[in-house]
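This is what each chain is made of:
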Amino acid sequence: MSEKDTDIVYFISFCLEQYKVYKQLSGTKVSELFDQYHVYDYLTDNYDVLHTQGHQWLNLDIDQFIKEQK
């Protein structure tokens, strides 16, 4: 695994944990949401831009992304 791949995995874990607290959901539920609405792909594909943002902005962005997928 490359260094960037490792960074992406850590970033996705960070996003999952932050979103879990933000929405007051279990990690399992957030993981299911991220899988169902392709949030993992979104975070991976847009890592270069997204990883520079704060957790509040990321939470709102993930909310918006999920709404657009519904």
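Reference entry: report on the structure contained in this document. Remember, predicted model here, so these are calculated numbers, not experimental data. (Residues numbered from 1 in each chain as written. Predicted model: local features only at pLDDT ≥ 70, side-chain atom pairs only at ≥ 80, totals over all residues. Heavy atoms only, no water.)

**What to know about the overall build of the chain**
Next up, step 1: Looking only at helices and strands, one finds five helices and zero strands in the chain.
Next up, step 2: Starting at the N terminus, the α and β elements of the chain follow one another as α-α-α-α-α.
Next up, step 3: Over its C-alpha trace the chain gives a radius of gyration of 11 Å, about what one expects of a compact globule, namely 11 Å for 70 residues.
Next up, step 4: By principal-axis analysis of the C-alpha atoms, the chain measures approximately 30 × 20 × 20 Å.
Next up, step 5: Residue burial in the chain is summarised as follows: out of 70 residues, 31% are buried.
Next up, step 6: By sequence separation, contacts in the chain at least 24 residues apart represent 60% of the contacts at least 6 residues apart.
Next up, step 7: Of the charged side chains in the chain, 6 are positive and 12 negative; the average position of the first set lies 11 Å away from that of the second. (Helix = DSSP H or I, 4+ residues; strand = E, 2+ residues; numbered from the N terminus. Rg over C-alpha atoms; globule rule 2.2 N^0.38 Å. Buried < 20%, exposed > 50% of the residue type's maximum accessible area, 1.4 Å probe, protein only. Contact = heavy atoms within 4.5 Å. Lys, Arg positive; Asp, Glu negative; His and termini not counted. Charge placed at Lys NZ, Arg CZ, Asp CG, Glu CD.)

**Here's the deal with the packing of aromatic side chains**
Next up, step 1: Tallied over the entire structure, the rule returns five aromatic pairs.
Next up, step 2: For the ring pair Tyr 19 and Tyr 22, a centre distance of 5.8 Å and an interplane angle of 50 degrees mean the geometry is tilted. Taken together, the residues Tyr 19 and Tyr 22, both in helix α1 (residues 3–23) and three residues apart, mark about one turn of the helix.
Next up, step 3: With 4.2 Å between their ring centres and 15 degrees between their planes, Tyr 42 and Phe 65 make a pair best called stacked. With a gap of 23 residues between them, Tyr 42 in helix α3 (residues 39–45) and Phe 65 in helix α5 (residues 55–69) connect regions that are remote in the sequence.
Next up, step 4: Owing to a relative accessible area of 18%, Tyr 42 belongs among the buried residues under this scheme.
Next up, step 5: On the basis of relative accessibility, which here comes to 13%, the residue Phe 65 falls in the buried class.
Next up, step 6: Three or more aromatic residues joined by ring pairs form one cluster here, namely Tyr 19, Tyr 22, Phe 34 and Tyr 40. (Phe/Tyr/Trp six-rings, centres within 6.5 Å; stacked < 30°, edge-to-face > 60°.)

**Some remarks on the side chain of Asp 63**
Next up, step 1: Examined against the element boundaries, Asp 63 turns out to sit in helix α5.
Next up, step 2: Overall, Asp 63 belongs to the buried group, its relative accessible area being 11%.
Next up, step 3: Among the polar contacts made by the side chain of Asp 63, one reaches the side chain of Tyr 22 at a distance of 2.8 Å.
Next up, step 4: Each residue touching Asp 63, except ones within four places of it in the same chain, is listed here: Tyr 19, Tyr 22 and Lys 23. (Polar contact = N/O pair within 3.5 Å; in protein donor to acceptor, adjacent residues only side chain to side chain.)

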